[in-house]
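As a plain string of letters, each chain reads:
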Amino acid sequence: MKIVSRNEELLRDALSSIPQSSSRTSLSSWNKLIRFEDISAAAFKIQCGVQKTPCMYSRLSKQYGMDIYLKKEFLQYTGSVKERGVLYLLTSLPQDQQRKGVIVASDSNFSMAVAYHASELRVPVFVIMSTSTPPARVKMCREYGAMVISYGTTAKDSQTHARRLAQENGYLYLEEEDSAVYLSGLGTVGLEVYEQVPKLDAVIFPAGGHCGLLAGSAAALKHLNPHISVIGVESENFPVLQQSLKAGHPIEDQACSNHHFYGDVSGLCFGNNSLQLTGKLVDKVVAVREEDILISILRLLEYERATVDAEGAIGLAAVAAGKLPELKGKRVAIVICSGNLELHLLQQCITRALTLDNRVCRFSIVLSDCPGDISKLLEILAREETRLLDIKQERTFVTSELFTIEVTCTVETRDKIHTAQLRNALLERYPTATWTER
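Computed from a prediction, not measured in an experiment: that's the story for all the values here.

## Brief notes about the overall build of the protein
Right, so step 1: Looking only at helices and strands, the protein has 17 helices and 14 strands in total.
Right, so step 2: Relative to its 438 residues, the protein shows a buried fraction of 55%.
Right, so step 3: Restricting to contacts in the protein with at least 6 residues of sequence separation, those with at least 24 account for 73%.

In structure tokens, the structure reads:
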């Protein structure tokens, strides 16, 4: 059954002026009009290969004054929504190309999804990674079933090597881009959210350079209900999408971070299709600070028991930072699209977030070097119901009067109010106490 609406005309208008030739990958010939029927077909074809993830009411709703539903795409097998686009892309390949195999060159969520689903489909898959790739990612990719080859010290070296191998051996070199096939697969998230949460007012997606999820899902949602607000969120440090929309074309000179914390949030804007769809169908794009993302990672861990990365938490960050006041009292879905936060970063993120949330603080007090003085300090901390994380004593380099020690304590409190109560109690007893500002 063919469904025709004004929104299908919008999609056609959005893509009508886009040149069909591209040199990014050999998939460029697949770029065409993305229709609602394409997204529906993708949903049918990948239904047995990816999870239909829950979209659940969140306990964070009361805290932020709106009905929040979290679409938990981090529960996919590889921890990323990219599986949807990748699976539809791989199953759409001609059989002769499936026999020859595919090759990718990165340590991104896209490559992880290609490694897993190509192996499941018995398509030979090769992943080229630079020598700077974290060992955990190399191990995971191999466990998914890919042949992993370390080459070069930079991502560019790996990509050049992958292209050469593809040309010499007949592999299809895959690079994340915005072909209609890939966008249709990602757009199935929009279909599921619409089905799972009735009477939706808004849906929030991660944006940044790789805005395929935002564009594809917007195409589905706006077709089903033009009144649903579709909102994208990116980092203030890398406002790639906002700058590209302002310029009218994908920017190529944006300085991006190589830090694994940001992932695809800091990537270059990779295609005209996604950009044009976003400009036509997305209602709003906002930017958030790094501090807001860290707080959101903490909130999701505490309230939802969900361990997510920056890309997964950035949608909630816009709500937590007060960037979307118009959604107060509304029914809002937030797509939590990725949960691939590396273990060594997880501890750093939680520690920093607790400090930003005024729940870990540090202060220094000069005491006389007499028995019992430290015990009296500890009694105050116990009375104020704080948790002592660390205590250090300095005798040698104390600059105050003789026979004194400087005691530095790191403590954990319940919240900002509790921290203020502790500070007042200490200043009442120790007027010269100094606090380390975050």
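Okay, back to it.
## Brief notes about the environment of P431
Right, so step 1: Its place among the elements puts P431 in the loop between α17 (416-429) and β14 (434-435).
Right, so step 2: Taking the relative accessible area as the measure of exposure, P431 reaches 64% and is therefore exposed.
Right, so step 3: Residues P431 and I365, 66 residues apart in the sequence, show an inter-C-alpha distance of 9.0 Å.

## A word on the sheet that holds strand β7 (residues 202-206)
Right, so step 1: Pairing is mixed across the open sheet formed by six strands, whose spatial order is β1-β2-β10-β7-β8-β9. Only two strands of the sheet have a single neighbouring strand rather than two, namely β1 (55-57) and β9 (284-288). Direction aside, the axes of adjacent strands within the sheet are offset by 25° on average.
Right, so step 2: Of the pairings in the sheet, the one linking strand β8 (residues 229-235) to β9 comprises five bridges and is parallel in character. From the neighbouring strand, I231 faces β9, where its bridge partner is K284.

## Some points on the nonpolar core
Right, so step 1: Counting residues in hydrophobic clusters, the biggest one holds 66 residues, and the most contacted among them are V102, V127, L174, V203 and F205.
Right, so step 2: Other than its neighbours up to four places away in sequence, F205 contacts V189, L213, L214, S217, L221, V230, I231, G232, V233 and V335.
Right, so step 3: One finds A318, L324, L327 and C349 within the second-largest nonpolar core, a separate group that totals 45 residues.

## Comments concerning the packing of aromatic side chains
Right, so step 1: Per the counting criterion, the structure on display carries seven aromatic pairs.
Right, so step 2: Each ring, one from Y57 and one from Y69, has its centre 5.5 Å from the other, and the planes form 70°; the classification is edge-to-face. Of this pair, Y57 sits in strand β1 while Y69 is found in strand β2 (residues 67-72), placing the two residues twelve residues apart along the sequence.
Right, so step 3: Residues Y116 and Y144 carry aromatic rings whose centres are separated by 5.9 Å and whose planes lie at 65° to one another, so their mutual orientation is edge-to-face. Of the two residues, Y116 sits in helix α6 (residues 109-120) while Y144 sits in helix α7 (residues 135-144), which places them 28 residues apart along the sequence. Here the two residues Y116 and Y144 agree in accessibility, since each one is buried.
Right, so step 4: Feature note: the residues Y77, Y116 and Y144 constitute an aromatic cluster, connected by ring pairs.

## Quick notes on the packing of helix α9 (residues 180-196) against helix α10 (residues 212-224)
Right, so step 1: Running from amino to carboxyl end, α9 crosses α10 at an angle of 50°, the nearest separation of the two axes being 7 Å. On the basis of their axis angle, the class for α9 and α10 is oblique. When the axes of α9 and α10 are compared, the crossing they make is right-handed. Across the interface between the two elements, L183, L186, G187, V189, G190, L191 and Y194 from α9 touch G212, L213, G216, S217, A220, L221 and L224 from α10.

## Quick look at the pairing of strand β11 (residues 360-368)
Right, so step 1: Pairing analysis gives nine bridges linking β11 to strand β13 (residues 404-412), with the strands arranged antiparallel. Each bridged residue has a counterpart across the sheet, and for C361 the counterpart in β13 is V411.
Right, so step 2: In terms of strand pairing, β11 meets β14 through two bridges, oriented antiparallel. In the strand pairing of β14, F363 is matched with W435.

## Focus: the pattern of salt bridges
Right, so step 1: Throughout the structure, instances matching the rule amount to 20 salt bridges.
Right, so step 2: Measuring nitrogen to oxygen at the nearest pair gives 2.9 Å for the salt bridge that ties E192 to R84. You can see E192 sitting in helix α9 and its partner R84 sitting in helix α4 (residues 82-91), a full 108 residues away along the chain. As far as the burial class goes, E192 and R84 line up, both buried.

## Details of the environment of Q98
Right, so step 1: In this structure, Q98 sits in helix α5 (residues 95-100).
Right, so step 2: Counting along the chain gives 23 residues from Q98 to L121, while the straight-line C-alpha distance between them is 8.7 Å.
Right, so step 3: Here Q98 is in contact with L90, T91, L93, V123 and P124, once residues within four sequence places are set aside.
Right, so step 4: Only 3.3 Å separates the side chain of Q98 from the backbone oxygen of L90, close enough to count as a polar contact.

Definitions and limits used
Residues numbered from 1 in each chain as written. Predicted model: local features only at pLDDT ≥ 70, side-chain atom pairs only at ≥ 80, totals over all residues. Heavy atoms only, no water. Helix = DSSP H or I, 4+ residues; strand = E, 2+ residues; numbered from the N terminus. Buried < 20%, exposed > 50% of the residue type's maximum accessible area, 1.4 Å probe, protein only. Contact = heavy atoms within 4.5 Å. Pairing = 2+ DSSP bridges. Axes fitted to C-alpha atoms, helices over the stretch in contact; angles between N-to-C directions. Core = buried A, V, L, I, M, F, W, Y, C linked by side-chain atoms within 4.5 Å. Phe/Tyr/Trp six-rings, centres within 6.5 Å; stacked < 30°, edge-to-face > 60°. Parallel < 35°, antiparallel > 145°, perpendicular 65-115°, else oblique. Left-handed = near helix turned anticlockwise from the far one by under 90°. Salt bridge = Lys/Arg side-chain N within 4 Å of Asp/Glu carboxyl O. Polar contact = N/O pair within 3.5 Å; in protein donor to acceptor, adjacent residues only side chain to side chain.

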